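Structural features, examined
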Amino acid sequence: LRNADGQVYRIGEHNGFLDFSVPGAVEFLDNVLRTVIREWGMDALKMDFWSQNVEDRDGRVRDPNRTALQSRRILFDTIRKYLPPDGVFMTCVAVGMGNPFIGLHADTYRNTIDIGAGAWEEQIGNCLWALPTLGLEGRKTLLLNNDSFGFNLKCPDHENLFRMTWGFITMGMQETGGRLEELPERYVKAMRKFTDRCDRGYRCLCPDEGAFTGVPLPECLYVNYPPDSPTRRLGVAQSLALFNWTDAPKMVSVRRASLGHAGPVEAVDFWSEARESFRDEFIVKRLDGRSALLFDVLG
């Protein structure tokens with residue numbers, strides 16, 4: 001792939017890209033994917049750093065009649081041609097570049113910047129990048145991938161559980177990293193609670209108007225479970241998460257009616273299993289700085 005000056009288009013010093021308007025490049029792509037996926041027996045593919053290939057405005061394909069979306073379709077169609085019918089295709093992309101219709105080919109989509117080591121500043125950046133896509137219903141399109149919810153033992157418990165709560169409520173595919181055999185038992189227990197209830201891909205909703213008119217960090221997110229879902233069959237109608245993104249303690253509230261509840265709400269804290277009843281117009285909880293709560297709303 002070339003740039004507007006006719007020079008090789010690069011990301012970094014060494015990374016070049018194929019020009020899918022050139023027949024020989026498409027033939028090379030086909031040969032590589034046939035070898036790697038079919039002949040080597042792979043049934044899953046994670047593809048990173050690909051979107052500049054077809055979406056960066058500085059790239060220039062040789063065929064002036066070829067569009068970027070056509071080039072991407074060649075790439076994705078070739079991947080799907082060699083993956084088995086139940087194979088998994090995950091894309092990692094330059095998130096801010098815009099990627100319509102990825103769900104036509106991909107099963108899961110990295111919708112955030114990397115979480116890094118999971119320090120607080122990295123959590124903030126990762127969550128900000130995820131917000132525009134949280135309303136996707138993954139069971140009908142593709143599962144979002146919010147990057148890892150792993151534990152950083154150098155971070156306090158409340159920041160690690162904040163990340164776990166965010167990972168649970170946002171309903172996408174989740175990864176974890178690091179040396180799991182070194183985790184304290186309290187984190188192993190939290191991870192098992194997460195995976196035991198790994199019923200993913202429902203729409204994640206935000207009733208917090210401030211997230212749309214100010215700093216886009218929602219203090220409340222919730223998920224409704226359909227009647228035939230595994231979670232609903234457990235007696236849980238809704239997941240509700242409350243977040244304090246500040247460094248100081250604060251009261252976090254949400255109007256009960258905005259969650260769809262006309263009457264009292266009976267809930268169980270997901271992590272501690274403590275039972276709570278909310279009977280007033282607002283659900284109000286005091287949260288310490290950089291902390292979150294996650295509730296199973298019964299019904």
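What you see as residue numbers is a count from 1 along each chain, following the sequence as written. For this predicted model, a pLDDT threshold of at least 70 governs which residues receive local features, and a threshold of 80 or more governs which side-chain atom pairs are given and counted, while totals over whole chains, interfaces and linings are taken from all residues. Side-chain descriptors were evaluated using all non-hydrogen atoms of the structure, hydrogens and water having been removed beforehand.

**Structural notes on the sheet that holds strand β14 (residues 275-278)**
Backbone hydrogen bonds hold the strands of a sheet together, and the pairing may be parallel or antiparallel. The criterion, for reference: Strand pairing requires that DSSP identify at least two bridges connecting the strands. Here a helix means four or more residues in a row that DSSP labels H or I, a strand means two or more in a row labelled E, and each is numbered from the N terminus. Here an angle of 0 to 180 degrees is reported between the N-to-C directions of two axes, which are lines fitted to C-alpha atoms, with helices fitted over the stretch in contact.
Ordered by their spatial adjacency, 5 strands build an open sheet running β10-β11-β16-β13-β14, and the pairing between neighbours is antiparallel. Whereas interior strands pair on both sides, the edge strands pair on one side only; in this sheet they are β10 (220-224) and β14. Each strand of the sheet is rotated relative to its neighbour by a mean of 25 degrees, with strand direction disregarded.

**Notes on the pattern of salt bridges**
Defined as follows: For this document, the term salt bridge refers to a Lys or Arg side-chain nitrogen within 4 Å of an Asp or Glu carboxyl oxygen. Remark: exposure states derive from per-residue accessible area (1.4 Å probe, protein chains only) relative to the maximum for the residue type, with buried under 20%, exposed over 50%, and partly exposed in between.
Applying the stated rule across the entire model yields 24 salt bridges. Salt-bridge contacts for Lys193 lead to Glu273; the nearest nitrogen and oxygen are separated by 3.1 Å. Here Lys193 is found in helix α6 (residues 185-196), whereas its partner Glu273 is found in the loop between β13 (265-269) and β14, with 80 residues between them in sequence. Classification of Lys193 by relative accessible area gives buried; the value is 18%. The residue Arg197 makes a salt bridge to Asp296 at a minimum N-O spacing of 2.9 Å. Of this pair, Arg197 sits in the loop between α6 and α7 (210-213) while Asp296 sits in strand β16 (residues 291-298); the two residues are 99 residues apart in sequence, bridging distant segments of the chain. Residues joined in a network through salt bridges with shared partners are Asp30, Arg34, Glu39 and Lys81.

**Description of α6**
Since one α-helical turn is 3.6 residues long, residues separated by three or four positions face the same way. Quick reminder of the rule: Expected helix span is given by 1.5 Å per residue-to-residue step, counting one fewer step than there are residues. We call two residues in contact whenever any of their non-hydrogen atoms come within 4.5 Å of each other.
Its 12 residues give α6 an end-to-end C-alpha distance of 16 Å, which sits within 8% of 16 Å, the value for a rise of 1.5 Å per residue. Those residues of α6 that fall on the buried side of the exposure criterion are Tyr187, Val188, Ala190, Met191, Lys193 and Phe194. Packed against the buried residues of α6 are α5 (157-169) and β9 (173-175).

Interpretation note: all reported values are geometric properties and have no functional meaning in isolation.
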